[in-house]
Amino acid sequence: MSLVSTNEVPGPTITLGGVIRAVGFIGLGAIGVTVGLSDVLARAPADAVDYGPPLMAPSVHFPLGTDVLGRDMASETLHALAVTVTNAGIAAIVVVVAGGLAGFIAARLPYRIGFLLRGIGGILGAVPALLLAILFIGLANRGLAPFAAGLAAAPLGFVRAFDRARALGQSRHAEFARATGISPGALLRRDLTYEFRDSFLSIATRALAAVTIVLSTVSFFGYGATPPHRDLGLMIAAARDVYFDAWWTAAIPAIALALFVLCARLAAGLDEGERA
Amino acid sequence: MSEHLLTVTELTVTRPGAKRPELDRLSLAVDAGETLVILGEAGCGKEALMRVLAGAPDRDEIVDGTLQFGSASPERAVKFPKPAIRMSYLPGPFEQPLNLHVSALSQLTRIIARKLDAPRASAQEELGLALGRLSGAPKPADLDRPPLSLSPEIQAWGLFAAAFAQNPELLLADHSLAGLAPGHARALTRALLAEQARLGFAILYAAMNAETPAWLKGRLIVMRHGKIVEEGPAERLATTQAHSYTQTLFKAQPAPLNDKPRASTRGQPVIQAYRIEMAKPSPKRMRDDLTFELRRGAALALIGDEGSGRHTLARILLGLDRAPAGRIVFDAVDIGVLARNMMARLRRRVAFVAGADDMLDPRMTIWDTVAEPLRTHLDLPRHVTASYRDVALKRVGLASLAGNRSVATLSAFDKRRLQVARAIVSAPVLAVIDEPLRGLDAFAQAVMRDLLKNFRTHEGPAFLVITSDIMVAQSLAEDAMIMKDGRVIERGSLADILRAPKAAYTLSLIEASAPVKNSALPPAVPQG
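Residues numbered from 1 in each chain as written. Chains lettered and ligands numbered in written order. Predicted model: local features only at pLDDT ≥ 70, side-chain atom pairs only at ≥ 80, totals over all residues.

**Topic: the overall build of chain B**
The helix and strand tally for chain B stands at 17 helices and 20 strands. For a compact globule of 528 residues, the expected C-alpha radius of gyration is about 24 Å, and chain B comes in at 24 Å, within 12% of that figure. When the backbone C-alpha atoms are referred to their principal axes, chain B occupies close to 75 × 55 × 45 Å. In chain B, which comprises 528 residues, the share counted as buried stands at 48%. Considering only contacts within chain B whose residues lie at least 6 apart along the sequence, 70% involve residues at least 24 apart. (Helix = DSSP H or I, 4+ residues; strand = E, 2+ residues; numbered from the N terminus. Rg over C-alpha atoms; globule rule 2.2 N^0.38 Å. Buried ≥ 20, exposed ≤ 12 C-beta atoms within 10 Å, placed from the backbone. Contact = placed C-beta atoms within 7 Å.)

**Remarks on the overall build of chain A**
Within chain A one finds 10 helices and 0 strands. Taking the intrachain contacts of chain A between residues at least 6 apart in sequence as the baseline, contacts between residues at least 24 apart amount to 70%.

**Details of the sheet that holds strand 16 (residues 350-354) of chain B**
Residue and element names in this part refer to chain B. Strands sit in the order 16-17-18-13-19-20 across an open sheet of 6 strands; the sheet is mixed. Two strands bound the open sheet, and with one partner strand each, they are strand 16 and strand 20 (487-493). Strand-to-strand twist in this sheet, taken as the mean axis angle between neighbours without regard to direction, amounts to 15 degrees. Where helix 13 (residues 412-426) meets the sheet, it contacts strand 16 and strand 17 (430-434), and its direction lies at approximately 170 degrees from that of strand 16. With respect to the sheet, helix 17 (residues 504-512) is in contact with strand 13 (299-303), strand 19 (479-484) and strand 20, its orientation differing from that of strand 19 by roughly 110 degrees. (Pairing = 2+ DSSP bridges. Axes fitted to C-alpha atoms, helices over the stretch in contact; angles between N-to-C directions.)

**Structural notes on the interface of chain A and chain B**
Bring the parts together and some accessible area is lost; that lost area is often taken as the interface size. Facing the 21 residues of chain A at the interface are 37 residues of chain B. Ranked by residues supplied to the side of chain A that touches chain B, first place goes to helix 7 (residues 172-179) of chain A with 5 residues. Residues of the side of chain A that touches chain B, tallied by class, amount to 10 nonpolar, 7 polar and 4 charged. (Nonpolar A, V, L, I, M, F, W, Y, C, P; charged D, E, K, R; others polar.)

**Brief notes about the domain arrangement of chain B**
All names here are of chain B. For chain B, the assigned domains are domain 1 (1-86 + 169-190 + 200-252), domain 2 (87-167) and domain 3 (269-512). Computed from C-alpha coordinates alone, the two centres of domain 1 and domain 2 are separated by 23 Å. Within the residue set of the side of domain 1 that touches domain 2, elements represented by two or more residues are strand 7 (170-174) and helix 5 (182-199). In terms of residue count, strand 7 provides more of the side of domain 1 that touches domain 2 than any other element does, 5 residues in total. Class assignment for the residues of the side of domain 1 that touches domain 2 results in 13 nonpolar, 4 polar and 3 charged. (Domains from an automatic or database assignment.)

**Focus on the sheet that holds strand 1 (residues 6-14) of chain B**
Residues and elements named next belong to chain B. With antiparallel pairing, the 4 strands of this open sheet are ordered in space as 2-1-4-5. Edge strands, defined here as strands with exactly one partner in the open sheet, are strand 2 (23-30) and strand 5 (75-76). As paired strands, strand 1 and strand 4 (residues 62-69) are joined by 7 bridges and run antiparallel to one another. Bridge pairing in strand 4 links valine 8 to leucine 67.

**Observations regarding helix 1 (residues 16-36) of chain A**
With 21 residues, helix 1 of chain A ought to run about 30 Å at 1.5 Å a step, and its terminal C-alpha atoms sit 30 Å apart, in line with that. Buried residues in helix 1 of chain A make contact with helix 2 (38-41), helix 3 (73-107), helix 8 (184-220) and helix 10 (248-267) of chain A. (Expected span 1.5 Å × (residues − 1).)

**Thoughts on the packing of helix 5 (residues 129-139) of chain A against helix 8 of chain A**
When two helices pack together, their arrangement is captured by the angle between the axes and the distance separating the axes. All names here are of chain A. Look at helix 5 against helix 8: their axes get within 10 Å of each other, and the N-to-C directions meet at 60 degrees. The orientation of helix 5 relative to helix 8 falls into the category oblique. By crossing handedness, the relation of helix 5 to helix 8 is classed as right-handed. Judged by residue contacts, Ala129, Leu130, Ala133, Ile134 and Ile137 of helix 5 engage Ala210, Val214, Thr217 and Val218 from helix 8. (Parallel < 35°, antiparallel > 145°, perpendicular 65-115°, else oblique. Left-handed = near helix turned anticlockwise from the far one by under 90°.)

**Points about the pairing of strand 19 of chain B**
Residues and elements named next belong to chain B. Of all the 6 residues making up strand 19, 6 are buried; the element is thus mostly covered by neighbouring parts of the structure. Both faces of strand 19 are covered, namely the face carrying Asp479, Met481 and Met483 and the face carrying Ala480, Ile482 and Lys484. In the sheet, strand 13 pairs with strand 19 via 4 bridges, with the strands oriented parallel. Each bridged residue has a counterpart across the sheet, and for alanine 301 the counterpart in strand 19 is alanine 480. What sits between strand 19 and strand 20 in their antiparallel hairpin is a turn of 2 residues, with aspartate 485 showing a positive phi close to 50 degrees.

**Here's the deal with helix 2 (residues 104-116) of chain B**
The periodicity of an α-helix, 3.6 residues per turn, causes residues three or four places apart in sequence to face the same way. All names here are of chain B. The end-to-end C-alpha separation of helix 2 is 18 Å, in line with the 18 Å expected for 13 residues at 1.5 Å each. Taken together, the buried positions of helix 2 are Ala104, Leu105, Leu108, Thr109, Ile111 and Ile112. Summarising the axial view, the buried residues of helix 2 lie within an arc of 160 degrees, below the 170-degree limit, and thus occupy one face. Those residues of helix 2 that are buried are in contact with helix 3 (120-133) and helix 4 (152-165). In the segment just after helix 2, aspartate 117 is the residue with positive phi, at about 55 degrees. (Arc of directions from axis to C-beta.)

**Let's talk about the environment of alanine 251 of chain A**
Residues and elements named next belong to chain A. Considering the arrangement of structural elements, one finds alanine 251 in helix 10. Given 17 C-beta atoms within a 10 Å radius, alanine 251 is considered partly exposed. Measuring from C-alpha to C-alpha, the distance between alanine 251 and alanine 239 comes to 9.1 Å, with 12 residues separating the pair along the chain.

**Digging into unusual backbone geometry**
Unusually for a residue other than glycine, aspartate 47 of chain A sits at a positive phi of about 60 degrees. Secondary-structure assignment places aspartate 47 of chain A in the loop between helix 2 and helix 3. Look at asparagine 167 of chain B: it is not a glycine, yet its phi comes out positive at around 50 degrees. The residue asparagine 167 of chain B is located in the loop between helix 4 and strand 7 in this model.

**Some thoughts on the packing of helix 2 of chain B against helix 4 of chain B**
Residues and elements named next belong to chain B. Where helix 2 meets helix 4, the closest approach of the two axes is 9 Å, and the angle between their N-to-C directions is 20 degrees. The angle between the axes of helix 2 and helix 4 places the two elements in the roughly parallel class. When the axes of helix 2 and helix 4 are compared, the crossing they make is right-handed. From helix 2, Ala104, Leu108, Ile111 and Ile112 reach across to helix 4, where they touch Gln155, Gly158, Ala162 and Ala165.

**Considering the environment of serine 73 of chain B**
Residues and elements named next belong to chain B. Looking at where serine 73 falls in the secondary structure, it is placed in the loop between strand 4 and strand 5. Given 10 C-beta atoms within a 10 Å radius, serine 73 is considered exposed. Placed 11 residues apart in sequence, serine 73 and alanine 84 show a C-alpha to C-alpha distance of 9.3 Å.

**Let's talk about the pairing of strand 7 of chain B**
All names here are of chain B. Along strand 7, 5 of the 5 residues are buried, which leaves the element largely enclosed by surrounding structure. Side chains Leu170, Leu172 and Asp174 project from strand 7 onto one buried face, and the interleaved Leu171 and Ala173 project onto a second face that is buried too. Bridge count between strand 6 (residues 87-91) and strand 7: 5 bridges; the pairing is parallel. Bridge pairing links serine 88 to leucine 171 in strand 7.

**Section: the confidence of the model for chain A**
Scored by pLDDT, chain A has a mean of 87; 93% of the residues are at 70 or more. Low confidence marks residues 1-7 of chain A, where pLDDT is under 50. Its contacts with residues over four positions away, or in another chain, come to 23 contacts. (pLDDT = per-residue confidence, 0-100.)

**Re the confidence of the model for chain B**
All names here are of chain B. For chain B, the average pLDDT comes to 85, and 92% of its residues sit at 70 or higher. Throughout residues 516-528 the model reports pLDDT below 50, and contacts reaching past four residues in sequence, or to other chains, amount to 25 contacts. Our summary of model confidence lists the complex with pTM equal to 0.75 and ipTM equal to 0.71.

**Quick notes on the environment of glycine 99 of chain A**
All names here are of chain A. Looking at the element boundaries, glycine 99 is found in helix 3. According to the C-beta neighbour criterion, glycine 99 is buried, with 31 such atoms within 10 Å. Once the C-alpha coordinates of glycine 99 and threonine 212 are considered, the two residues, 113 residues apart in sequence, prove to be 16 Å apart. Residues in contact with glycine 99, not counting those within four places in the same chain, are Ala154, Gly157, Phe158 and Ala161.

Below is the structure:
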């Protein structure tokens, strides 16, 4: 134990967790670039049927083959990935706002109201997010699937943020601040600033992984994306009848989906978080 | 073959990139039954020596040299050496050596069981016997709670008993008494010396102020920058020091002041308490009828042990808790009629400097920590806030640290100074100073005392000092209330109280805080 600090800020140390997160972010960055350039990289427009012969195996001309309607699997996967990533991004923002941010604010509400909200969050969190998402889509409409998925995945984040905010509110340093007249608003600002500055990326990427699975499953069941804006879940669903004869029709979008979710999970440091 | 119990030869501990080694070719020997105290400021090398001997050097430390335990052959000082003697490690409770959320009794029992290779039930009996032998120690049942809900003093008794129960040949005491209330520290010292006489173990004690060697006597080694600068009997070095560093170290100890009593009537009243009563967590509550006032520029010390009611009274005075009866006027406002948000507004003129290291938000930066009161209470331009912040940091000697550094990376001493900087920018009418020197080495204590005095002189707030150490109270306040069991048992000018204490408890506090030159350990004073 040294009582005198050195004048140097302790430098960042390379840890296994840090390496895992870096790999995840590099992967997400690469996917982001691919999505941004999807219209350029895809040689066929979205949902272009009869672009090639139906169910053609991967070949030189069609590197990822074609599906039952003769659509180029490589182009379709790129377009579907763009839709999936965009929708998951929107849903992840909803999770951060309706989960993390709302949880922090709810913890500062009067005791009874706060704990009532936490109880509701806990009950909703106990229901599988997929079922909640389907319920919310039914109550709204399919066009709002990203918001529904975000709201469905938010309760666990809400509860987690609520408990963290309560613990922070009862800490010695918060008591010390209150005893010197620091207002609850200033304390909330302090908590939000430091909690979200330090863990925003972790919360967002954790949410991204969770909502991607929810959104893709919802689409797989036919409640999510609609053609021509097909996402990866809908692509896998469309390959159901021919999968055992033409493996690439489902395997290619499934691999793309798995890679995206894996990168998000790695970026979150393999934190389980709001698992769908 | 060595005749010593422990022989350390040419021990060097370095960290990559460090300017100098933590231990620089240190050689020393400890004989059976001997007491050897290693004294020095934080970072002098004693911590590194303790880590190596305990078999747990830090991961990035490079250790070189040899250790010889008893008659065994010398071995290279690598990680986790298997000593050929029975050795116990005795940390201080403020180091938080136990899991805070698991029963202390269970953890101590497990440690003893592992060291003695005995069943848990047998280990618990050993612990119970050890506690029973220590005069003033709590019962085993009192330790059957998580350390979080135990006072540091109770934890210390448990740690001491657990160390003795291991029947050691060598006791590695790593700042074991640091930060404890003087009365408890002396009682533990008595227990330590009594057990040493009974079991005949040697003590290697790492100390950061000169009080401990004066109590323990034995041999004293003074270390600086990883080297021994002076060595000799503790009793001789307490009065005659050859090396200038040793002289400075001993001078940094608080000395009794012989000031005449000063009146506490200075500026406008900050706190006026009329016939207040303090709630006590026992069914029967005695009437206190406490009436007093604290004026701006004056200083009042609330002196007593943990659980004496000092914090309860302070919380009542600050309006954090309501008194069952009585009236408190804070800065000319009756806080009994104030709404919560208005009370919070009034408390903007209160500053805290406390001995606990978790009083500052560890996530915040140095700059944010100091500037927060200015930003939230005043609408000042950013450059003005920055200027006040920089001046305060300069005054406490933290201006050289990077402002974006987080509080979590600071040392205990720096965190303490940061609290003073935050207090300075708040321009308070009242500063609550709660055990400000706890856990600091002698130099750091001297610096903190000077900073607080300087703060009081320049900003002129009223000081409400909460401490168990009369020497600390004397250096920061003129008036005092001696508290015990939730009641004020003696009050008045601190100089008068020191000159003629009326209660036996006050006398015991004074004797427990006696300066180094009265180094003989006084006999136990009956409580009450």
